[in-house]
Amino acid sequence: CAEMAMVCLTDFEEYAKEHLSKATWDYYAAGADECCTRDDNLLAYKRIRLRPRILRDVSVSDTRTTVQGTEISFPVGIAPTAFHCMAWHEGEMATARAAEAVNTCYITSTYSTCSVEEIVAAAPNGYRWFQLYVYRDRKLSESIVHRVEALGYKALVLTVDVPYTGKRRDDIRNQFKLPPHLKVKNFDGVIQEAAGPEEYGIPANTLDPSISWKDVYWLQSLTRLPIVIKGILTKEDAELAVEHGVQGIIVSNHGGRQLDGGPATIDALSEIVDTVQGRIEVYLDGGIRTGSDVLKAVALGAKCVFIGRPAVWGLAYKGEDGVREVLQILNDEFRLSMALSGCRNVAEINRNLIQFAKL
Ligand code: FNR
C-alpha cells in the first residue's frame, strides 16, 4: 500500500515490481542477453571500500555542486529513460516537476510519452537537458534540436551506444510494445505513420547505425548548446570526445541494456577521468542505488551521477511525489555518507576516500 514507509531505493523497486504489469516491469528491468553488465553495475560498488576521515566537524554539510556551470542541489540527476506514462499517467510531466522541486537536472529522453512542450509547461523553472538519438531522417533530428533549444533545454545529450537495440530476452518473450494509448509524443504523426516492422511500438530502423564522430560536428553546426556524449566506456573514446570539442561525457552502458559483457560503469570511470584530466566534465550512470554509491563515484572523479530505473520506480509508486521521495532519500543518504567519511562539502570528496589496496 502507498502508505508504507519507504526507507531506501530498493523499497521502490519492490513496490514497482508488485504493481506494474509483468511486461512493463520486465521492460524497465531488462538487461541485454545474460544481464551480466546490468548486474555488475550494482555489484561493482559493493567491491569498493571507503577510507573515512574522522574528527573533522561535520556539523554543517553542503551537498550542492554544479554541472555545466549551473548549481544543482546534489550531484545526482535523472538519466533519460523512455515511456514514463507506462509507470504513471502523467509520465514525464511528473518526473520534470519532481526534478524541479529538488533542484536537479532532468535529462528528457527522445522516447518520451509527453511532448517536450508539455514537459516544459509542467515545470517551467526546471533545469533540463535533452537526450538525442540520431534518426536516419536527419531533418527529424534537426527539428527536435531546434525545438528543445527554443524551449530552454540547456544541453544536448547524444546517446551513442544504440546503433541497434540490445537483445533483451524478456521483451522478446513478452512481445513488448508501447501500449496503444501511448505515443512517442515528440514525433506524433511523424514516425508513428512510417510503415514497416516495429520495435517497442516505434518503427524499427528509425535510428541511424551509420552515426560516427563526424556527426558530432554536424550536431555542433546545428546548435550552440553544450553537447554531452552518453555511452563512453574507454579512455580512447574519451580522448576522441575531448578532441571533437564536446562539453561532457556520461560514462554509461545504458544500464546494461546494450552490450552484455562490457564493464560496470564505476569500473570504467577511472581510466576516463585520468585521460580527460579535467578538460571537460565527466558524469556517470548505472547502478546508483545508495548515497554511498554516489560518494564513491564522485570520489573517483564523476562530477555528477544520474539515476535511470530508480526514478521510474518512484514514478510507479506515486508519480511526482514518488520521484521526489527517491531523490530525497538519495540526498539524505549521500549527506550522511559524506559526514560519516569526514566530508563537509562536495569539493572535499576525492580519491583519498577510496581504499585502492582492496580493489
Ligand atoms: C534507459 N536508458 C535510456 N538512455 C537513453 O539515452 N535514452 C533512452 O530513451 C533510454 N531509455 C531507457 C529506458 C529504460 C527503461 C532504462 C532502464 C534505461 C538508459 C539510461 O539513461 C541509463 O543509462 C541507465 O538507466 C542507468 O542505469 P540505472 O540507473 O537504471 O541502473
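Residues numbered from 1 in each chain as written. Predicted model: local features only at pLDDT ≥ 70, side-chain atom pairs only at ≥ 80, totals over all residues. Heavy atoms only, no water.

### So, the packing of helix H1 (residues 9-19) against helix H12 (residues 309-340)
For the pair H1 and H12, interaxial distance at closest approach is 10 Å and the crossing angle is 175°. It follows that H1 is roughly antiparallel to H12 by the angle criterion. Here Leu9, Phe12, Glu13, Tyr15 and Ala16 of H1 come into contact with H12, specifically with Pro310, Trp313, Gly314, Ala316, Tyr317, Gly322, Glu325, Val326, Ile329 and Leu330. Classifying every residue of the contact of H1 with H12 by side-chain character gives eleven nonpolar, two polar and two charged. (Axes fitted to C-alpha atoms, helices over the stretch in contact; angles between N-to-C directions. Helix = DSSP H or I, 4+ residues; strand = E, 2+ residues; numbered from the N terminus. Parallel < 35°, antiparallel > 145°, perpendicular 65-115°, else oblique. Contact = heavy atoms within 4.5 Å. Nonpolar A, V, L, I, M, F, W, Y, C, P; charged D, E, K, R; others polar.)

### Describing the pairing of strand S11 (residues 281-285)
Across the five residues that make up S11, a large majority, four, are buried. Pairing between strand S10 (residues 248-251) and S11: four bridges, direction parallel. Directly across from isoleucine 249, in S11, lies its bridge partner valine 282. The handedness of the S10 to S11 crossover, carried by helix H10 (residues 265-276), is right-handed. Bridging between S11 and strand S12 (residues 304-307) involves three bridges; their strand directions are parallel. Of the residues in S12, the one forming a bridge with leucine 284 is valine 305. For the crossover from S11 across helix H11 (residues 291-299) to S12, the handedness is right-handed. (Buried < 20%, exposed > 50% of the residue type's maximum accessible area, 1.4 Å probe, protein only. Pairing = 2+ DSSP bridges. Right-handed = clockwise from strand over helix to strand, strands pointing away.)

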